2 protein chains.
Amino acid sequence: MATIRDVAKQAGVSVATVSRVLNSNGYVNEDTRVKVTEAIKELNYLPNDVARSLFKRRSKMIGLILPDITNPFFPELARAVEDVANETEYTFVLCNSDNQMEKEQQYLTALKQKYIDGFIVVSSTLTTEQVHELNVPVVALDRIISPHMPSVSVQNYEGAQEAVQYLIENGCQKIAHISGPDYVDNAHARKQGYLDMVRDKDWYEDGLVVDGKYELDPAKKAATQLLEQHPDVDGIFVGNDLMAVGVLKAAEALGIKVPEDLSIIGFDGIALGETTTPALTTMGQPIYDVGSKAAELLINYIEGIPSVHSNHSFGVQIIERETVKKGGV
Amino acid sequence: MATIRDVAKQAGVSVATVSRVLNSNGYVNEDTRVKVTEAIKELNYLPNDVARSLFKRRSKMIGLILPDITNPFFPELARAVEDVANETEYTFVLCNSDNQMEKEQQYLTALKQKYIDGFIVVSSTLTTEQVHELNVPVVALDRIISPHMPSVSVQNYEGAQEAVQYLIENGCQKIAHISGPDYVDNAHARKQGYLDMVRDKDWYEDGLVVDGKYELDPAKKAATQLLEQHPDVDGIFVGNDLMAVGVLKAAEALGIKVPEDLSIIGFDGIALGETTTPALTTMGQPIYDVGSKAAELLINYIEGIPSVHSNHSFGVQIIERETVKKGGV
DNA sequence: TTGTATGCGTTATCAA
DNA sequence: TTGATAACGCATACAA
């Protein structure tokens, strides 16, 4: 590996001038610029980013901390972040936290030792203090950590209401909800959206909302119980698509026809929902846009470019497929 | 951020001694060791990895280059790599190449500038020369670049044969194949496995193998055509699970009952296959093990630990679910 | 057992 | 317009 010194020697100039043409700042004579450029080419020289980082105290790296890339909601998000990182010449570090604060903290400090420039985090456990004392730019994604911290998310509450409304409009008479964990703010918001739509219905009762942990199997179990105890439920608003697939499987196992006997609507709009039979109707969020917006926000933040909105909330939109029986009341 | 110099001052020793206790090498008096440790604690000192990297010429980072994390085959692989990277204190960089050699090359050189210690690559375009002149440890994953380069993969040829055999044993009379791209070695091997099982059957004809590009929609289209042109096909061995889902969808659209009128078997064993209706029968590969083995191999390679086998090939195993009609001939 | 000095490869300051 | 040189924060060779 050639160093800047080798280039300098080859071009018959000092390292300072080489550095100047490299970063194109400061005056440099056209002739010597050419000489240096040629030397660089001949030696196949590439600047050493580590040395650069040491001097600049920044690494051109950003980290994405999320629960688990194996959860089908996250790959598209990660892809979006990676894409904008790539465009802006940042390198992208992926961290799976399994929702454990300990792991999050480990990644945070380990990467800080590498002069990482910033983080995007999907977390329900990180506190404002932790982020603050980290002293590195952070934007929250999908889940909000604090209103005072830049974030990108979607209109969970409103989306949930729309979803329930859609079920009602299509004739459902008794609508249940499979919720995500209460400590996840978006799960909480979706549940509230549901509750505020149904709480005053005469058919409503507490047993209609059960926890599915945002995972497939727990949701399947929860739905099975729910449907056994409340056979008159004819519509379910499920907190995310992954759980909705579990609900679909539960109905199938119980011999309940979807959508004839039971309408199901999910939330997220992940690709998985297109592959089930029947295909999943859902409240879709613009996952890729959410991810890339978070990355943009972070990079602007890092580079000191002021952002108009530092708390961005995307709208959601219903994706009509096959798990809701169409027809008015 | 405190530096080693701050710690030295605080403890009343030189930076060399601090370095010694940090890396626990060289002699150091127990008393001063304690003093230093305390100073470190008081100052909340963390060593600067960038400075370390510059000196050591290595970064404790490994890169994983794969086509697209959005393809449901890859998240589990990536997770496995990240897990062992994490255990061994390496940080994990994810790169999406979209199967473009140009992007691969960009990542390779960009990360080399950061003193990356090694790569795991899922690639069909990278050449031995490129890897060689990179002069950084590389292990090939899922797809073999050269027999002389460490690699981890599965028994594609044998698995394909088993899959076809399974279809035959269960009474299929005319078996087609939806293949992956021929330039992907594992797709080629799977196709060969199929061909070597059926080439001499009296029902075999060339039109029975069609390209599905290892993607869902192309496979769906290909299967639709295939099934229209060859209505007597009663079994399909599909080159991967993602395409198999497309085939399932095609059959559904054509009103062909699976598995009653058509048996389908995929390859890979990704989670997606469990969620379809009917659930996909497939040749499962130990995806997580494949990924973690590759990571182990790479890290041993990096750290100079000799590996017994540098070309590892895992076995595959049939996962019987619901898309193959059971029953002998 | 400990300290001093040097280098890892850059960038930026200051002179020239 | 260019060149010396001092950082950046650490680890090691060599002295002491």
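Residues numbered from 1 in each chain as written. Chains lettered and ligands numbered in written order. Predicted model: local features only at pLDDT ≥ 70, side-chain atom pairs only at ≥ 80, totals over all residues. Heavy atoms only, no water.

**Concerning the protein's contact with DNA strand D**
Argument step 1. Taken together, 27 residues form the shell around DNA strand D, and within it Arg20, Asn29 and Thr32 of chain A together with Ile4 and Tyr45 of chain B come nearest.
Argument step 2. Atoms of DNA strand D within 4 Å of the protein: sugar and phosphate make up 65%, bases the balance.
Argument step 3. One nitrogen or oxygen atom from the side chain of Thr32 of chain A is found 3.2 Å from a phosphate oxygen belonging to DNA strand D.
Argument step 4. At a separation of 3.1 Å, a phosphate oxygen of DNA strand D approaches a polar side-chain atom of Ser19 of chain B.
Argument step 5. Those elements that provide at least two residues to the surface near DNA strand D are α2 (15–23) and α4 (49–56) of chain A together with α1 (4–11), α2 (15–23) and α4 (49–56) of chain B.
Argument step 6. Looking at the surface near DNA strand D, the element that brings in the most residues is α4 of chain B, giving four residues.
Argument step 7. Taken together, the residues of the surface near DNA strand D break down into 13 nonpolar, nine polar and five charged. (Near = heavy atom within 4 Å. Polar contact = N/O pair within 3.5 Å; in protein donor to acceptor, adjacent residues only side chain to side chain. Helix = DSSP H or I, 4+ residues; strand = E, 2+ residues; numbered from the N terminus. Nonpolar A, V, L, I, M, F, W, Y, C, P; charged D, E, K, R; others polar.)

**Focus on the protein's contact with DNA strand C**
Argument step 1. Close to DNA strand C lie 29 residues; Ile4 of chain A together with Thr17, Arg20, Asn29 and Thr32 of chain B are nearest.
Argument step 2. Within 4 Å of the protein, the atoms of DNA strand C are drawn from sugar and phosphate moieties in a proportion of 61%.
Argument step 3. Here a base nitrogen of DNA strand C sits 3.4 Å away from a polar atom, N or O, in the main chain of Ala51 of chain A.
Argument step 4. Separating a phosphate oxygen of DNA strand C from a side-chain N or O atom of Arg52 of chain A is a distance of 2.6 Å.
Argument step 5. Split into classes, the residues belonging to the surface near DNA strand C amount to 14 nonpolar, nine polar and six charged.

**A few points about the interface of chain B and chain A**
Argument step 1. On the chain A side, the residues contacting the 46 residues of chain B number 46 residues.
Argument step 2. Both sides together, the interface formed by chain B and chain A hides about 3900 Å², and carbon and sulfur atoms give 54% of it.
Argument step 3. Applying the counting criterion to the chain B and chain A interface returns six salt bridges.
Argument step 4. For the salt bridge of Asp98 of chain B with Arg79 of chain A, the shortest nitrogen-to-oxygen distance reads 2.7 Å.
Argument step 5. Taken together, the connections running from chain B to chain A amount to 22 residue pairs in polar contact (both at pLDDT 80 or more).
Argument step 6. Every element with two or more residues in the side of chain B that touches chain A is listed here: α4, α5 (74–87), β2 (91–96), α6 (101–112), α11 (241–254) and α12 (272–275) of chain B.
Argument step 7. Looking at the side of chain B that touches chain A residue by residue, the class counts come to 21 nonpolar, twelve polar and 13 charged. (Contact = heavy atoms within 4.5 Å. Buried area = accessible area lost by both parts, 1.4 Å probe. Salt bridge = Lys/Arg side-chain N within 4 Å of Asp/Glu carboxyl O.)

**Description of the UniProt feature "domain: HTH lacI-type" (unreviewed entry) in chain A**
Argument step 1. According to UniProt, the "domain: HTH lacI-type" (unreviewed entry) feature falls on residues 2–56 of chain A.
Argument step 2. As annotated, residues 2–56 of chain A comprises 71% helix and 0% strand, and the C-alpha atoms at either end are separated by 21 Å. (UniProt positions renumbered as here; feature names shortened; annotations may be inferred.)

**What about the relation of the copies chain B and chain A?**
Argument step 1. Rotating chain B by 180° and moving it 0.0 Å along the rotation axis overlays it on chain A with an RMSD of 0.0 Å. Such values leave the two copies arranged in the relation of a two-fold axis.
Argument step 2. Here 100% of the contact residues of chain B are again contact residues in chain A; the copies associate through an equivalent surface. (Least-squares fit on C-alpha atoms with pLDDT ≥ 70 in both.)

**Regarding the sheet that holds strand β6 (residues 175–179) of chain A**
Residues and elements named next belong to chain A.
Argument step 1. If you walk across this open sheet you meet the six strands as β7-β6-β8-β9-β10-β12, and the pairing is mixed. Edge positions in the open sheet fall to β7 (209–211) and β12 (317–319), since each of these has one partner strand only. Adjacent strand axes in the sheet meet at a mean angle of 20°, parallel and antiparallel pairs treated alike.
Argument step 2. Across three bridges, strand β10 (residues 281–284) lies against β12 in antiparallel orientation. Looking at β12, one finds that Gly284 is bridged to Gln317.
Argument step 3. Packed on one face of the sheet, helix α10 (residues 216–229) meets β6, β7 and β8 (235–238) and runs near 155° to β6.
Argument step 4. Contacts between helix α11 (residues 241–254) and the sheet are confined to β6, β8, β9 (263–268) and β10, with β9 contributing the most and set at about 160° to the helix. (Pairing = 2+ DSSP bridges. Axes fitted to C-alpha atoms, helices over the stretch in contact; angles between N-to-C directions.)

**Structural notes on the layout of surface pockets**
Argument step 1. The computed volume of the second largest pocket comes to approximately 1500 Å³.
Argument step 2. Lining the second largest pocket are 45 residues; nearest its centre among them are Pro47, Asn48, Asp49 and Arg52 of chain A together with Gln113 of chain B.
Argument step 3. Put simply, the parts of the chain that give the lining of the second largest pocket at least two residues each are α1 (4–11), α2, α4, α5 (74–87) and β2 (91–96) of chain A together with β2 and α6 of chain B.
Argument step 4. Classifying every residue of the lining of the second largest pocket by side-chain character gives 22 nonpolar, twelve polar and eleven charged. (1 Å grid on protein atoms, 1.4 Å probe; cavity = no way out; pocket = protein on both sides within 12 Å on 5 of 7 lines; lining within 4 Å. Points joined across faces, edges and corners; volume = space filled by probe spheres on them.)

**A short note on α4 of chain A**
Argument step 1. Taken together, the buried positions of α4 of chain A are occupied by Asp49, Val50 and Ser53 of chain A. Looking down the long axis of α4 of chain A, one finds its buried residues gathered within 100° of arc, a one-sided arrangement.
Argument step 2. For α4 of chain A, the elements touching its buried residues are α4 and α6 of chain B.
Argument step 3. Of the residues flanking the start of α4 of chain A, the one acting as N-cap is Asn48 of chain A, its side-chain oxygen 2.7 Å from the backbone nitrogen of Val50 of chain A.
Argument step 4. Among the residues trailing α4 of chain A, Arg57 of chain A stands out with phi positive, at a value near 60°. (Buried < 20%, exposed > 50% of the residue type's maximum accessible area, 1.4 Å probe, protein only. Arc of directions from axis to C-beta.)

**Quick notes on the packing of α4 of chain A against α4 of chain B**
Argument step 1. Their axes nearest at 9 Å, the elements α4 of chain A and α4 of chain B cross at an angle of 145°. α4 of chain B is crossed by α4 of chain A, and the crossing has left-handed handedness. In this structure, α4 of chain A uses Val50, Ala51, Ser53 and Leu54 of chain A to contact α4 of chain B, whose residues at the interface are Val50, Ala51, Ser53 and Leu54 of chain B.
Argument step 2. Its residues placed into classes, the contact of α4 of chain A with α4 of chain B shows six nonpolar, two polar and no charged. (Left-handed = near helix turned anticlockwise from the far one by under 90°.)

**Examining the pattern of salt bridges**
Residue and element names in this part refer to chain A.
Argument step 1. Taken as a whole and assessed by the stated rule, the structure comprises 34 salt bridges over all chains.
Argument step 2. Across the pair Arg58 and Asp117 runs a salt bridge, and its minimum N-O distance is 3.9 Å. Note that Arg58 is positioned in the loop between α4 and β1 (61–66) and Asp117 in the loop between α6 (101–112) and β3 (118–121), a separation of 59 residues in sequence.
Argument step 3. Relative accessible area serves as the criterion here: at 29%, Arg58 is assigned to the partly exposed category.

**Some thoughts on the environment of Glu205 of chain A**
All names here are of chain A.
Argument step 1. Among the secondary structure elements, Glu205 is positioned in the loop between α9 (185–198) and β7.
Argument step 2. In this structure, the C-alpha to C-alpha distance between Glu205 and Ile116, residues 89 residues apart in sequence, is 50 Å.
Argument step 3. Discounting residues that sit within four places of it in the chain, Glu205 has contacts with Lys174 and His230.

**Brief notes about the pairing of strand β4 (residues 138–141) of chain A**
Residue and element names in this part refer to chain A.
Argument step 1. Burial along β4 is two-sided: the face carrying Val138 and Ala140 and the face carrying Val139 and Leu141 are both buried.
Argument step 2. The handedness of the β3 to β4 crossover, carried by helix α7 (residues 128–134), is right-handed.
Argument step 3. As paired elements, β4 and strand β5 (residues 151–154) share two bridges and run parallel to each other. Across the sheet, residue Leu141 finds its bridge partner in β5, namely Val152. (Right-handed = clockwise from strand over helix to strand, strands pointing away.)

**Quick notes on the domain arrangement of chain A**
Bring the parts together and some accessible area is lost; that lost area is often taken as the interface size.
Residue and element names in this part refer to chain A.
Argument step 1. Domain assignment breaks chain A into domain 1 (4–47), domain 2 (61–154 + 287–314) and domain 3 (156–285 + 318–328).
Argument step 2. Measuring from the centre of the C-alpha atoms in domain 2 to the corresponding centre in domain 3 gives 29 Å.
Argument step 3. The interface is formed by eleven residues belonging to domain 2 together with 13 residues belonging to domain 3.
Argument step 4. Of the roughly 1100 Å² buried where domain 2 meets domain 3, counting both sides, 52% is carbon and sulfur surface.
Argument step 5. If you sort the residues of domain 2 by the area they bury against domain 3, Pro72, Val154 and Ile287 come out on top, with a joint share of 44%.
Argument step 6. Remark: the boundary between domain 2 and domain 3 carries zero salt bridges.
Argument step 7. Between the two partners, domain 2 and domain 3, sit four residue pairs in polar contact (both at pLDDT 80 or more).
Argument step 8. By residue class, the composition of the side of domain 2 that touches domain 3 is six nonpolar, three polar and two charged. (Domains from an automatic or database assignment.)

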